[in-house]
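# Architecture at a glance
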Amino acid sequence: RAPASQQPHTTTMASASALAGAFTTLGVSANRAAAKKTNVVAKKAFSARSAVRSVKRDLTISNVATGPQGPVTSGEEMSEEDMIMADQGGRGYTNVDPEVRRIVPDAKGRVVVKVVYVVLESQYQSALSAAVNSLNATNDKVCFEVSGYLLEELRDAKNLATMKADVENANIFIGSLIFIEELAEKIVEVVSPLRDQLDACLIFPSMPAVMRLNKLGTFSMAQLGQSKSAIASFMKKKKESGGFEEGMLKLVRTLPKVLKYLPSDKAQDARNFMNSLQYWLGGSSDNLENFLLMISKAYVPALENMDMEIAEPETVAETGIWHPMAPYMYEDLKEYLNWYDTRKDITFAKDAPVVGLVLQRSHLVTGDEGHYAGMVMELEARGAKVVPIFAGGLDFSVPVEKFFFDPITKDAYVDTVLSLTGFALVGGPARQDHPKAIDSLKKLNVPYMVTVPLSFQTTEEWTDSTLGLHPVQVALQVALPELDGGLEPIIFSGRDSKTGKSHTLEDRAAQIAGRALKWAALRKKKNVDKKLAITVFSFPPDKGNVGTAAYLNVFGSIFRVLQGLKKEGYDVGDMPDNEDDLINSVLNDKEAKFASPDLNIEHKMSVKEYEKLCLYQEDLHENWGPPPGNLNSDGQNLLVYGKKFGNVFIGVQPTFGYEGDPMRLLFSKSASPHHGFAAYYTYIEHVFGADAVLHFGTHGSLEFMPGKQVGMSGNCYPDHLIGNTPNIYYYAANNPSEATIAKRRSYANTISYLTPPAENAGLYKGLKELKELISSYQGLKDSGRGPSIVNSIITTAITCNLDKDIKEIPTDDSDAKDMDQDMRDMIVGKVYQKLMEIESRLLPCGLHVVGCPPSAEEAVATLVNIAGIDREDEEILALPQILAQSIGRDIETIYRANDEGKLEEVQLLQDITEASRAMVGGFVSKASDPSGRLAAGALGALGGMFGGASVALPWGDALKGTQFDGKVDVVAARKLFEYLRFCLEQVVKDNELGALTEALNGEYVLPGPGGDPIRNPKVLPTGKNIHALDPQAIPTSAALASAKVVVDRLIERQRVENNGVYPESIALVLWGTDNIKTYGESLAQVMLMVGVRPMPDALGRVNKLELISLEELGRPRIDVVVNCSGVFRDLFVNQMNLLDRAVKLAAEQDEPFEMNYVRKHAVEQAEELGLSIREAATRIFSNASGSYSSNVNLAVENSSWNDESQLQDMYLNRKSFAFNSDSPGSGMETKTEIFKSALSKVDVTFQNLDSSEISLTDVSHYFDSDPTKLVAGVRKDGKMPSSFIADTTTANAQVRSLSETVRLDSRTKLLNPKWYEGMLASGYEGTREIQKRLNNTLGWSATSGQVDNWVYEDANDVYMKDPEMQKRLMETNPNSFRKMVANFLEANGRGYWETSEENIERLRNLYMEVEDKIEGVEN
């Protein structure tokens, strides 16, 4: 080994720090800064060995941290959290042996230079190995011994130890793109103590801590990030179009000028660093040979005086067009087409589709472009032309605008864009510019597909993985491109474990090419010839449930879609005249009587036809036996239900098929689709020949079929089923998480639709009477009539069952005369507070029809609630706060006093609420046209309201005569109403039908966030391609603050109700959509319970943890058992990692058991189950990869369960798969014993409600995930845990018991005339919605026992006792009415509802009557 050079001086210059900042945040196009470079012109023959490599790919893949971050330890010690590194036997993400990269030369008397490199991806492996082998074979003075590591491999303790030994003996250390924080810490830990003895240490763009290791003679970056360096300011800089990148390049361009003023030795070292960067970015073996020679000669003392010929780095164009058969790269589309159109090796049809490919220059210059060539050949073999463009920097919008437009017509030259980079179009992972990307793509206006290369796994590792794509890649290369409107994240290339080179995955490339060309065909084909398969759902399977979708009037919407298609020139055949005829034509077999139990059969597929067309049908035999089976079958053929109208087929998607089989529901992994399901999609693609499929509403079963979580293989069922058909999917705007599953697993272009306009629940019957009594009391309380009115209030409250919610209500026989004034006021205040809670509850009324925006009046309640939230980012105060401040109060103190039931404060809050409604109502009435619709023109006229103080107030005279009149801060209020005007405009701009037309024309559908329109009005207007969010951005600091309020209230309420004793363990559920809407509130709740704070890393990604001290916490650490929904598991793997690390961090603290219940339980479990404490602290559970839900909902919906223990077994079997941050690559592992043991210690079960649109009985997911009775079953004392629900749907967050929430839900929906009349107005589908609420109420009885008897009794009075109501239900949807009757009988039979024999007899008779009518029996 050559002796190490002496320790250099540190060059502390601002420009070095600034330069480092530039390198760290951007793969700098440093070639522009160098004066002496050979520019390779476009005409020069291109070879991989004479080009400069761009850092774009490596940088953008890397800015994600994943896996535990142990404390940095000294010496040989490893903390338990550091044991992450010991991933063995398939437990990490990658298991390639780094020894494949080791090269040991035969020295033959030459100087041996030892080099160690660590890189993010394997691209460098083959080019660097080729460079070293070439030097070792030809250079007579020096040879190189090299060992190389991929960053992910350093999770393995053995690999880390080997790397450390290599660095101890090395001359040169090279690191590039070290952007995974906890692995960056490991590298610093290993290299830092050895830095002084290394001859040179070169770190290319990486985390600041790693960049500080740089050392070339006197050139150092030791000061990096410690002062106000450029990196810090660049990281904070707001995104400006081009400003960010340009600022970086400017720094690099000015560097040569700075060097002039430095002492020559220092300038030379800085120059050497610049050159090194350029050689390294070059990536070709020629460049890397010269790089190794230059660094060795300059810094390895033994080579100091040797003569060597070292060539300068070479460069190619920043952007251009590449083709594997082309003689060179092109910088002009016309020149490329001159070559392309005169090729002799291939000919194309005149109207051949053109696919624009987006590539990374780094792959081209390193010679690792085999996967690109494979994709080009696959497309050309199918008759498509290609224009493959590349960019060296981070902004692909530049070559898109340069090369994808026709130079003459200026229209789009390409029909589809297929990005093979996997990245967002503009910017790396540290800083994307989505608006700029969207502008470019909108201009181009063609479908935009973003496929994914395997970067961190070998092909074999991906094939064997149930997770599919590596979570780091999911966060970077799937989630971020979705924000640009990217579609279809299909894996297109694999990686060889020995050479590290990329290769085409043939079946995936074929699937991508087939799908890209189907999208392109939509641009070419005439509308009259296009075939569309509209798919509706039937869930649970029953004729009364055809067309199920959240909040959507499906057939009313389809009717509007058909009308729209007809106008656009589509062949819709003999289209029905109205919605009812449309329903009947799909629902009823025209050969049979009207009341036929069968749906209309559009196609009978013989077994022979099915076996010929469905290539994967043999895979289904294991679960379902040979075809045709007994589902969607007549015993001979497979039946496709639906109806054709010209070129439009409206079909009914079959269901999972196992919902009625209790044994199958117990299986921990979901079954494959059945033959009927496969036959349906086979019919669509191969018999009907659809150009596109439109899935109608939230949601079907296709995207939830078994397969990998993300990054489908050819063996995954969603991929098989959808085939090559473009998938357009109407999805509720408030459900971005499940929409994202549909995008990733069934390749859907999701188009958002609005949920129905919300209204306040209002009051009815006894509740209305109570409000009138309270009003009388307030006027007469000081008179002699006060006590008698209070007696009436008490009696009526008890009749309305409010005594279940208000403990202070005395018994009916007490007399208010015996109470003092304060006591009477307190009782009335509590009742009033509960009434106002019910009255102001928001509920969606009726069902939405696609393309039908709400009326002005319908928008008022939504706008009042939008106005009710402070928006700090926009510096907008909430309207209740503005009104409170106008009378010298603060709204938070009013909320607290209201919650305590103080009569004056309840009245004040009611005054504020009514004033808010009046102000917004006055404002909106000016914006509506005479028909009551919101008028876009009227909104323009509203502009005049927002001028100076003299201009009329936007809310008119709404405050006249109130205590707030003339006192309101007009400036703050105007700002708020300006924002409300914007929100109102968004509601009007509905593009739901327009977006469908765009998608069917093969155009680009604008992307937009999904979520709650009240929390985030940017969800509007609907008709956007829905996306979720950057998964590493949550939880935000605002979410953490909100979470703390809820956690404090939850723990305090349980403590007060439990005689001052803290809960030791809380079981809670994490939902995907909720965490998207709230930016991670429930995620943050879990961490705060165990006393750990999530923290951002140096790049702002939330992937670090900080222990909150017991002093700061002020209470014990509470243990948790976390059940993640299957959707949360798919979307937020990195956050599951963080949660698991947080719990284990708490468990490993040496703290007293009475202050750390996590540790207390983990120690007990470790002894009980023979595990380490860390393993015993497993608390993050979900389904097996590729499976969803506990199936309890399916069992309840289909009445396919015998007793509650069967439901509990389903939950245990399907939800006991644990995530382990110590082996993040192994997916979900069965841990039933730990799961049961952890549940046996639970004192509280807990869920969150965060949106007014979805409450406990609206969907079955909530009770499906409720473990309340299960906990009682596994607890040693058999005690029922307390059950709480947090309600953050308004600014005044509440923690209620589960039974209180069920009562509130029942009063505001199932029993509320305003709600059920709204539903009945939607006919067939509205009746089904009513039945669904009743069924979900039954589900809560089954899982928690928290439904009061009176809820069923009152529901029976509303729906079953009244002959008029029976008739309405029967006429609109006889099948759903039958199911309602059955639900009541089942509730009674299972012991959840005690009632009179008279009621039961009526129900039995009703059931038989309905049955006869449905079966067509004439009386």
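Whatever comes next refers back to the structure up there.
### Section: the overall build of the protein
When helices and strands are tallied, the protein shows 56 helices and 37 strands. The buried share of the protein, reckoned over its 1419 residues, is 65%. Across the protein, every contact between residues at least 6 apart in sequence was considered, and the portion connecting residues at least 24 apart equals 78%. Looking at the protein as shown, the accessible area adds up to about 47,800 Å², and 51% of this sits on carbon and sulfur atoms.

### With respect to helix α26 (residues 736-746)
Judged by how many residues are buried, α26 sits mostly within the fold: 11 of 11 residues are covered. Restricting attention to buried positions, one finds in α26 the residues P736, S737, E738, A739, T740, I741, A742, K743, R744, R745 and S746. One or two residues past the end of α26 sits Y747, with phi positive at roughly 60 degrees.

### A look at the packing of helix α52 (residues 1324-1344) against helix α55 (residues 1374-1389)
Where α52 contacts α55, the two axes come as close as 9 Å, and the packing angle between them is 15 degrees. Judged by the inter-axis angle, α52 sits roughly parallel to α55. Here the hand of the crossing between α52 and α55 comes out left-handed. Residues T1327, R1328, I1330, Q1331, L1334, N1335 and L1338 of α52 lie in contact with α55, whose contacting residues are S1376, K1379, M1380, N1383, F1384, E1386 and A1387.

### Notes on the nonpolar core
Counting residues in hydrophobic clusters, the biggest one holds 278 residues, and the most contacted among them are F696, L802 and Y1359. Aside from chain neighbours lying at most four places away, what touches Y1359 is L1310, W1315, Y1316, I1330, M1365, Q1366, L1369 and M1380.

### Some remarks on the pattern of salt bridges
All chains considered together, the criterion is met by 71 salt bridges. The partner of D719 in a salt bridge is R508, and the shortest N-O contact between them spans 2.9 Å. Taken together, the positions of D719 in helix α25 (residues 717-722) and R508 in helix α18 (residues 506-524) put the pair 211 residues apart, joining distant regions of the chain. Given the relative accessible area of 2%, R508 is considered buried. For the salt bridge of K1361 with D1357, the shortest nitrogen-to-oxygen distance reads 3.5 Å. The partly exposed category is assigned to K1361, whose relative accessible area is 40%. Salt bridges sharing partners connect three or more residues here, namely K834, E837, R841, D1287 and R1296.

### Considerations on helix α19 (residues 554-567)
Residues separated by three or four positions in an α-helix point in the same direction, a consequence of the helix having 3.6 residues per turn. Helix length check: α19, at 14 residues, gives a terminal C-alpha distance of 20 Å against a target of 20 Å (1.5 Å per residue), a fit within 8%. Turning to α19, its buried residues are V554, F555, G556, S557, I558, F559, V561, L562 and L565. Where α19 begins, one side-chain oxygen reaches toward the backbone nitrogen of G556, 2.9 Å away; that side chain belongs to N553.

### A few points about the packing of aromatic side chains
Considering all chains together, one arrives at 36 aromatic pairs under this definition. Judged by centre distance (6.5 Å) and plane angle (10 degrees), the ring pair of Y372 and F492 falls under stacked. Taken as a pair, Y372 in helix α13 (residues 370-381) and F492 in strand β15 (residues 491-495) lie far apart in primary sequence, 120 residues in all. Comparing Y372 with F492 shows no difference in burial state: the two are buried. Pairing F555 with Y1324 gives two aromatic rings, centres 6.4 Å apart and planes at 70 degrees, and the pair type is edge-to-face. Placement of the pair is F555 in helix α19 and Y1324 in helix α52, with a sequence separation of 769 residues. A residue is classified by how much of its surface remains accessible, and F555, at 0% relative accessible area, is buried.

### Structural notes on the sheet that holds strand β11 (residues 385-391)
The strand order across the open sheet formed by 5 strands is β9-β11-β10-β12-β13, and the pairing between neighbours is mixed. What marks the edges here is a single partner per strand, and that holds for β9 (319-321) and β13 (448-450). The mean angle between the axes of side-by-side strands here comes to 20 degrees, regardless of whether they run parallel or antiparallel. Inspection of the sheet shows strand β10 (residues 354-360) paired to strand β12 (residues 416-419) by 4 bridges, in the parallel sense. Along β12, the bridge assignment pairs V358 with S419.

### Some details on the pairing of strand β4 (residues 172-176)
A large share of β4 lies buried, amounting to 5 of its 5 residues. The alternating pattern of β4 places I172, I174 and S176 and F173 and G175 on opposite faces, both of which are buried. Of the strand pairs in this sheet, strand β2 (residues 111-119) and β4 are connected by 5 bridges, and their pairing is parallel. Paired with V118 across the two strands is G175, which belongs to β4. Two strands pair when backbone bridges link them, and β4 and strand β5 (residues 200-203) are joined in this way by 4 bridges, in the parallel orientation. Bridge pairing in β5 places I174 opposite L202. The parallel pair β4 and β5, bridged by helix α5 (residues 181-191), forms a crossover whose chirality is right-handed.

### Side note on unusual backbone geometry
At the junction of P627 and P628, the peptide bond is cis and its omega measures out at 10 degrees in the coordinates. Within the secondary structure layout, P628 lies in the loop between α22 (621-624) and β19 (637-645). At the junction of L1020 and P1021, the peptide bond is cis and its omega measures out at -10 degrees in the coordinates. Looking at the element boundaries, P1021 is found in the loop between β26 (1007-1009) and β27 (1025-1027). Here L177, not a glycine, exhibits a phi torsion of approximately 60 degrees, which is positive. Classification of L177 by relative accessible area gives buried; the value is 1%. Of note in the backbone geometry, S1199 takes a positive phi value of approximately 50 degrees without being a glycine.

### Observations concerning the environment of K186
Along the chain, K186 falls in helix α5. Accessibility expressed as a relative area gives 6% for K186, which makes it buried. Between the C-alpha atom of K186 and that of L160, which follows or precedes it by 26 residues, the distance is 8.3 Å.

### Regarding the sheet that holds strand β16 (residues 502-504)
The pairing of strands in a sheet comes from backbone hydrogen bonds and takes either a parallel or an antiparallel form. The strand order β14-β15-β16 describes an open sheet built from 3 strands, whose pairing is mixed. Two strands lie at the open edges of the sheet, namely β14 (452-453) and β16, each paired on one side alone. As defined by bridge partners, β15 adjoins β16 across 3 bridges and the pair is classed as antiparallel. The partner of S493 across the bridge, within β16, is T504.

### Here we look at a negative patch on the surface
Taken together, the side chains of D574, D577, D580 and D581 present a region of like negative charge at the surface. Here D577 lies in the loop between α19 and α20 (579-587). D577 gets classed as exposed once you look at its relative accessible area, which sits at 67%.

### Here we look at the side chain of N865
With respect to the helices and strands, the residue N865 is situated in helix α30 (residues 856-867). Non-local contacts of N865, meaning those with residues more than four positions away in its chain, are made with L842 and I1014.

### Some details on the packing of helix α51 (residues 1313-1320) against helix α54 (residues 1363-1372)
Axis separation between α51 and α54 bottoms out at 11 Å; the angle between their running directions is 35 degrees. Residues Y1316, E1317 and L1320 of α51 pack against M1365, R1368 and L1369 of α54. Grouping the amino acids of the contact of α51 with α54 by side-chain chemistry returns 4 nonpolar, no polar and 2 charged.

### Description of the environment of R195
Assignment of secondary structure puts R195 in the loop between α5 and β5. Remark: the alpha-carbon pair of R195 and F173, spanning 22 residues in sequence, is separated by 8.8 Å. For R195, the side chain forms a polar contact with the main-chain oxygen of N214, separated by 2.9 Å.

### Quick look at the pairing of β12
Here β12 shows a buried face lined by T416 and L418 and a second buried face lined by V417 and S419. In this sheet, β13 lies alongside β12 in parallel orientation, the contact comprising 3 bridges. Each bridged residue has a counterpart across the sheet, and for S419 the counterpart in β13 is V450.

### A closer look at the environment of I1118
Tracing the chain through its elements places I1118 in the loop between α40 (1110-1113) and β31 (1119-1124). Setting aside chain neighbours within four positions, we find I1118 in contact with I1051, P1063, E1064, S1065, I1066, M1089, V1090, Y1157 and V1158.

Cut-off values and rules
- Residue numbers run consecutively from 1 along every chain, following the written order of its sequence.
- This being a predicted model, a pLDDT of at least 70 is required before a residue's local features are given, and a value of 80 or more before pairs of side-chain atoms are given or counted; all residues contribute to the totals for chains, interfaces and linings.
- As a rule here, side-chain values cover all heavy atoms of the structure and leave hydrogens and water aside.
- Helix and strand definitions here come from DSSP, where helices need a minimum of 4 consecutive H or I residues and strands a minimum of 2 consecutive E residues; each element is numbered from the N-terminal end.
- Remark: exposure states derive from per-residue accessible area (1.4 Å probe, protein chains only) relative to the maximum for the residue type, with buried under 20%, exposed over 50%, and partly exposed in between.
- Throughout, a contact is declared for two residues whenever any of their heavy atoms are within 4.5 Å.
- To measure how exposed things are, a 1.4 Å probe is used in the Shrake-Rupley method; for residues, cover is taken only from the protein chains shown.
- For every element, the axis is a line fit to its C-alpha atoms; helices are fit only across the contacting stretch, and the angle between N-to-C directions ranges from 0 to 180 degrees.
- Orientation labels follow simple angle bins: below 35 degrees gives roughly parallel, above 145 gives roughly antiparallel, 65 to 115 gives roughly perpendicular, and whatever is left gives oblique.
- Left-handed describes a crossing whose near helix is turned anticlockwise from the far helix by less than a right angle; the clockwise case is right-handed.
- For our purposes a nonpolar core is just a set of buried Ala, Val, Leu, Ile, Met, Phe, Trp, Tyr and Cys residues, chained together by side-chain atoms within 4.5 Å.
- For this analysis, a salt bridge means a side-chain nitrogen from Lys or Arg found within 4 Å of a carboxyl oxygen belonging to Asp or Glu.
- A helix is expected to reach a length of 1.5 Å times the quantity of its residues less one.
- Whenever a nitrogen or oxygen atom comes within 3.5 Å of another N or O atom, the pair is scored as a polar contact, on the condition that within protein one atom can donate a hydrogen and the other can accept it, and that pairs from neighbouring residues in sequence are kept only if both atoms are in side chains.
- Side-chain rings of Phe, Tyr and Trp (the six-membered ring for Trp) are treated as a pair once their centres are within 6.5 Å; stacked means planes under 30 degrees apart, edge-to-face means over 60, and tilted covers the remaining angles.
- Think of it this way: DSSP has to see at least two bridges between two strands before they count as a pair.
- Crossovers are described as right-handed under a simple rule: with the strands pointing away from the observer, the path leading from the first strand over the helix to the second runs clockwise.
- Like-charged residues within 9 Å of one another, or nonpolar side chains (Val, Leu, Ile, Met, Phe, Trp, Tyr) within 5 Å, are grouped into patches, provided each residue has over 30% relative accessible area and no salt bridge.
- In this count, Lys and Arg are taken as positive residues and Asp and Glu as negative ones, while His and the chain termini are left out.
- A charged residue contributes its charge at one atom only: NZ of Lys, CZ of Arg, CG of Asp or CD of Glu.
- Note on residue classes: Ala, Val, Leu, Ile, Met, Phe, Trp, Tyr, Cys and Pro are nonpolar, Asp, Glu, Lys and Arg are charged, and everything else, Gly too, is polar.

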